[in-house]
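Structure at a glance
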Amino acid sequence: MRERIVLDVSTLPRHGMESASPTWWGTLAFMLIEGSGFALGIAIYLYLMSLAPAWPTDAAPPDLGPGTVVTLILLASLVPNHFLARWSRSGDLRKVRWGIGVMSLFGVAPLVARAFEFPALNVSWDSNAYGSIVWVLLGLHTTHLLTDLIDTLVLAAIMVSRHADSRRRFGDVQDNALYWNFVVATWIPLYLCIYWIPRL
Amino acid sequence: MKPDGDVPFTDHAEVPRTAVEMRLADLWRTPPGLWGALTTVDHKIIGRRYIVTAFVFLLLGGALALLMRLQLAWPESRVLDADLYNQVFTVHGANMMFLFAVPVMEAMAVYLVPLMVGTRNIAFPRLNAFSYWIYLAGGILLWLSLLLDMAPDVGWFAYVPLSGPQYGAGKRADIWAQMITFTELSALAVAVELVATIFKQRAPGMSLNRMPLFVWSMLVTAFLVILAMPAIMAASTTLILDRLIGTHFYNPAEGGDVLLWQHLFWFFGHPEVYIIFIPAVGMVSTIVQTFARRPVFGYLAMVLALIATGILSFGLWVHHMFVTGLPRLGESFFTASSMAIALPAGVQIFCWIATLWDGRPVFRTPLLFALAFIVTFVIGGLTGVMVASVPFDTQVHDTYFVVAHFHYVLIGGAVFPLIGGIYYWFPKLTGRMMSERLGRWVAGLLFVGFNLTFFPMHILGLEGMPRRVYTYQPDVPWAGLNLFVSASSLILTAGFLLFFYDALRSARLGVPAGDNPWDAPTLEWATASPPPAYNFARIPVVDGPSPLWEQRGELTVAAGLQLDRRQLLVTTVGDARPEARESSPTGSIWPLLAAIATTVMLIASIFTPWAVVWGSIPIAVALIGWFWPKGTPEDEA
């Protein structure tokens, strides 16, 4: 078929940022998948609760300490995460390197506190259905903390390598920051569910 | 890679088209040989692979169906014993749903959507390669288990407590659950690719209201997959946890609940039907439009009907649970919603009829399948409205009436359009036409064979014949119809075998097709058949919903993409205004390695929970290898 050129795209940037990038949309789609997973987890929790004669079943409510510490760390991490996203948007490599180092530490810290959260649940996964669902909820979120930490560490390594200074890498850092916000945001309903519903 | 001296970096109006094509062919080609096959990220090669694999599973699942029909043809038959029969019907159902129907629809989209929206590859092509390998591994797992006499025997929905630790001894139910993990992982990956491709890689000018209806149907389907599949993954994971490490999700003695399983399963399972059906209606709309020789009547109504079907499909799941003793009010709500979904289906059927009525229909094989679909699906839809009523459902639940109903909607509603779609797009995939003469025979044999096989099952069900029984006594009045059904299934089989023969023969000997043998209006027909590795030398620019009908003989295109790297055009979500040029990844072995590592972890975790811990290390290594920049122009933007 004959062709007629009616459009010249040679002036467009070689990598779009945020909503101009397919990766950004892919990240959003994965959030939707995982968000559905978390929502279903909470639905299972509420469903089992609605059937149980006593809730929590044969256990004291989870101790508030470690879970609240995790919550505070995660909320505090939003501040450096916000700056990291801003610096990568403006392409400031030196600041991005600092920021991603700080965010790596903020990835490790909640995992350390999380290690104390499991015993603080006061119930084992194989004690009863209540124990099963709180372990699964906490485990599911821990998986997210862990995978995002590995992702952040690998990105940190890339950002100090020779591959660092490109729009694509800065876009990756922004997407990772976006994903961390999601990991924090999903924790809030889980925290309320695991720690406060048994106290209602 | 440095640009050659005489080929400039960037395509522009002065560059001869042949030079552009040579340059792109070199950039986008998949190297020949095994290494090329294992590392390719070309959506057409992967899509073709997906389609062929899914049809192999259709053939295998069909063989199991014939075994069941042989067993049921006479009372007290001894072809299969009860245990083997349980495995056979479970693998038949699981195979047809998880290894054939859903993957084949996504496979068609993997091949067609990038071509229909006018881009050069699917978004996240390496994820696409990964999804295929994972799908293949899941399929092999299920079929190997059948060969080893350890296949799942708990039905395709694996209800607890039958599949739980107390009754489901051995590893059979675990294999079912892990097969779910494999197939859902691959389905979710493809869904994400489709959303990103459809939102961001449409040709300039292809605003949402100009998108082909098949692309719309795949967009809705992708969202259904994204929202529904987490439920089945939650279900299968908690089942494995119950069986492996002693959680109590489904153990009533410790506060668990067996109906929780049914809620989770059907919250996925009902949208699943529409995950299979919605792509099929997209194919029907495409075929009807081309052969009625006019754009689809009521485009906006069609799009809204697709979206409405998608939303309503999440509000129906309880109609699978009417006999579990749920509250009356809940049952009434789900009766109403189940009947409501007939409305968008009806809107679409009337739009197709109006399109044909107002058009000048050309009755080629693909259109015959679309017509066979409309008739069969209306019958299946009517019995669907019947079983939406609680008293009727209570009577026929777990009988052959339900078997008849869902085969009408699945084969009539999805397989007929799919086979029509294969006849329609086969020239694009292979460059050759399938036989029109054989195609008419295939359509006739499948339509007649299907109705003779499945219609009597309604009557068997009303006569009380239950599902999933491996035999029946001579004194119940079911023998005659069962023999009739079994004999009719041979006609259906003949239709399928003739179809496979035609496809294999035409792939080598069919009449060369040319770019656009049907004079169809959508962009996949604007390029060669089969398309070159880069799909389009220059990205089409469209200004209407039927570009090849609106711009007869001349295609408006865009220049300005670079010629030193794989690059495609990113456009805005709503209006498809050009926004950026984006690199598209080159071939890589890492998706295959990541899939192998994932497979090892998933299969080992059937046997020990520690596999999740040590199995994650190779997966992490493979993923890091996958994402680490390699210094190619594509990596560096």
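Residues numbered from 1 in each chain as written. Chains lettered and ligands numbered in written order. Predicted model: local features only at pLDDT ≥ 70, side-chain atom pairs only at ≥ 80, totals over all residues.

Here the focus is the overall build of chain A. When you go through chain A residue by residue, the secondary structure sums to five helices and one strand. Listed N to C, the secondary structure of chain A is β-α-α-α-α-α in terms of helices and strands. Radius of gyration (C-alpha) of chain A: 21 Å, far over the 16 Å computed for a compact globule of 200 residues. The principal-axis extent of the C-alpha atoms belonging to chain A is close to 70 × 45 × 25 Å. In chain A, buried positions account for 38% of the 200 residues. Long-range contacts, defined here as pairs at least 24 residues apart, represent 81% of the contacts in chain A between residues at least 6 apart. (Helix = DSSP H or I, 4+ residues; strand = E, 2+ residues; numbered from the N terminus. Rg over C-alpha atoms; globule rule 2.2 N^0.38 Å. Buried ≥ 20, exposed ≤ 12 C-beta atoms within 10 Å, placed from the backbone. Contact = placed C-beta atoms within 7 Å.)

Next up on the list: the overall build of chain B. Along the backbone of chain B there are 19 helices and four strands. Computed over C-alpha atoms, the radius of gyration of chain B comes to 25 Å, within 12% of the 26 Å expected from 2.2 N^0.38 for 637 residues, which places it in the range of a compact globule. Here the C-alpha coordinates of chain B stretch approximately 85 × 60 × 50 Å along the principal axes. Evaluated residue by residue, chain B yields a buried proportion of 56% over its 637 residues.

A separate point is the interface of chain A and chain B. Each partner contributes to the interface: chain A provides 46 residues, whereas chain B provides 56 residues. Going through the elements one at a time, β1 (2–8), α1 (22–51), α4 (129–159) and α5 (167–196) of chain A are the ones with two or more residues in the side of chain A that touches chain B. Considering each element in turn, the side of chain A that touches chain B owes the most residues, 15 residues, to α1(A). The residue makeup of the side of chain A that touches chain B, split by class, is 26 nonpolar, 12 polar and eight charged. Examined bridge by bridge, β1(A) and strand β2 (residues 554–559) of chain B share six bridges and lie parallel to one another. Each residue of the ladder has a partner; that of A:Glu3, found in β2(B), is B:Leu555. (Nonpolar A, V, L, I, M, F, W, Y, C, P; charged D, E, K, R; others polar. Pairing = 2+ DSSP bridges.)

Time to look at the sheet that holds strand β1 (residues 539–540) of chain B. Strand-to-strand pairing in sheets goes through backbone hydrogen bonds, with the strands running parallel or antiparallel. Taken in spatial order, the three strands line up as β1(A)-β2(B)-β1(B) in an open sheet, and their pairing is mixed. Both outer strands of the open sheet, β1 of chain A together with β1 of chain B, are each paired with one neighbouring strand and no more. Of the pairings in the sheet, the one linking β1(B) to β2(B) comprises two bridges and is antiparallel in character. For B:Ile539, the partnering residue across the bridge sits in β2(B) and is B:Ala558.

So, on to the confidence of the model for chain B. Any region with low pLDDT has predicted coordinates that should not be read closely. Residue and element names in this part refer to chain B. Summing up the model confidence of chain B, the mean pLDDT is 94 and the portion of residues at 70 or higher is 99%. Averaged pLDDT values for the elements of chain B fall to 86 in helix α10 (residues 328–340) and rise to 98 in helix α3 (residues 43–72). Note on residues 1–6: pLDDT is under 50 here. Beyond four places in sequence and across chains, it has six contacts. Taken over the whole predicted complex, pTM reads 0.96, whereas the ipTM for its chain interfaces reads 0.95. (pLDDT = per-residue confidence, 0-100.)

Before going further, it helps to spend a moment on unusual backbone geometry. Omega for the peptide link from A:Trp55 to A:Pro56 comes to 0°, which places this bond in the cis form. Assignment of secondary structure puts A:Pro56 in the loop between α1 and α2 (64–90). Here the residue pair B:Val160 and B:Pro161 is connected by a cis peptide bond, since its omega of 5° sits within 30 degrees of zero. Looking at the element boundaries, B:Pro161 is found in the loop between α5 (125–147) and α6 (172–200). Notably, A:Asn122 is not glycine yet its phi reads approximately 65°, a positive angle. Relative to the helices and strands, A:Asn122 is located in the loop between α3 (93–120) and α4.

Membership of the largest hydrophobic core comes to 253 residues, with the highest contact counts inside it found for B:Ala191, B:Leu194, B:Val195, B:Val215, B:Leu219 and B:Val225. Contact partners of B:Val215, with chain neighbours within four places excluded, come to B:Val113, B:Met116, B:Val117 and B:Ile198. (Core = buried A, V, L, I, M, F, W, Y, C linked by C-beta atoms within 7 Å.)

All names here are of chain B. Between its terminal C-alpha atoms α5 stretches 33 Å, which fits the 33 Å expected from 23 residues at 1.5 Å a residue. Burial analysis of α5 places 17 of its 23 residues in the buried class, which makes it a mostly covered element. With its phi angle positive at about 60°, Asp 149 sits one or two positions after the end of α5. (Expected span 1.5 Å × (residues − 1).)

Quick look at the environment of B:Met150 now. Residue and element names in this part refer to chain B. Relative to the assigned elements, Met 150 resides in the loop between α5 and α6. Residues Met 150 and Val 288, spaced 138 residues apart in sequence, show a C-alpha to C-alpha distance of 45 Å. Those residues in contact with Met 150 that lie beyond four places of it in its chain are Ser 145, Gly 170, Lys 171, Arg 172 and Ile 175.

Now for the environment of A:Arg162. All names here are of chain A. By the element assignment, Arg 162 lies in the loop between α4 and α5. Since 8 C-beta atoms lie within 10 Å of it, Arg 162 is described here as exposed. Taking the C-alpha atoms as reference points, Arg 162 and Asp 58, 104 residues apart in sequence, are found 56 Å from one another.

All names here are of chain B. Two elements in contact, α5 and α6, have axes whose closest approach is 8 Å; the angle formed by their N-to-C orientations is 160°. Accordingly, the angle class assigned to the pair α5 and α6 is roughly antiparallel. Helix-helix and strand crossings are classified by hand; for α5 and α6 the assignment is left-handed. In this structure, α5 contributes Leu 127, Asn 128, Phe 130, Ser 131, Ile 134, Tyr 135, Ala 137, Gly 138, Leu 141, Leu 142 and Ser 145 to the contact, and α6 contributes Ile 175, Gln 178, Met 179, Phe 182, Thr 183, Leu 185, Ser 186, Ala 189, Val 190 and Glu 193. Partitioned by chemical class, the residues of the contact of α5 with α6 number 13 nonpolar, seven polar and one charged. (Axes fitted to C-alpha atoms, helices over the stretch in contact; angles between N-to-C directions. Parallel < 35°, antiparallel > 145°, perpendicular 65-115°, else oblique. Left-handed = near helix turned anticlockwise from the far one by under 90°.)

Below, the discussion takes up α2(A). Residues and elements named next belong to chain A. Between its first and last C-alpha atoms α2 spans 40 Å; for 27 residues at 1.5 Å apiece the expected length is 39 Å, and the two agree. At Val 79, α2 is bent by approximately 25°, the largest bend along its length, and proline Pro 80 sits one to four residues beyond. All buried positions along α2 are accounted for by Pro 66, Gly 67, Val 70, Thr 71, Leu 74, Ser 77, Asn 81, Leu 84, Ala 85, Trp 87 and Ser 88. Among the structural elements, α3 and α5 are those in contact with the buried residues of α2. Gly 91 sits one or two positions beyond α2 and adopts a positive phi of about 70°. (Bend = angle between axes of the 7 residues up to and from the residue.)

Residue and element names in this part refer to chain B. The N-to-C vectors of helix α12 (residues 365–387) and helix α14 (residues 400–430) enclose an angle of 160°; their axes lie 8 Å apart at closest approach. Overall, the two elements α12 and α14 adopt an arrangement that is roughly antiparallel. The two elements α12 and α14 meet at a crossing, and its hand is left-handed. The residue inventory of the contact of α12 with α14, partitioned by class, reads 16 nonpolar, nine polar and no charged.

The next point concerns the environment of B:Pro618. All names here are of chain B. Looking at the secondary structure, you find Pro 618 in helix α19 (residues 610–627). Its 16 C-beta neighbours within 10 Å are what place Pro 618 among the partly exposed residues. Distance in space between the C-alpha atoms of Pro 618 and Ala 597 is 5.9 Å, their sequence separation being 21 residues.

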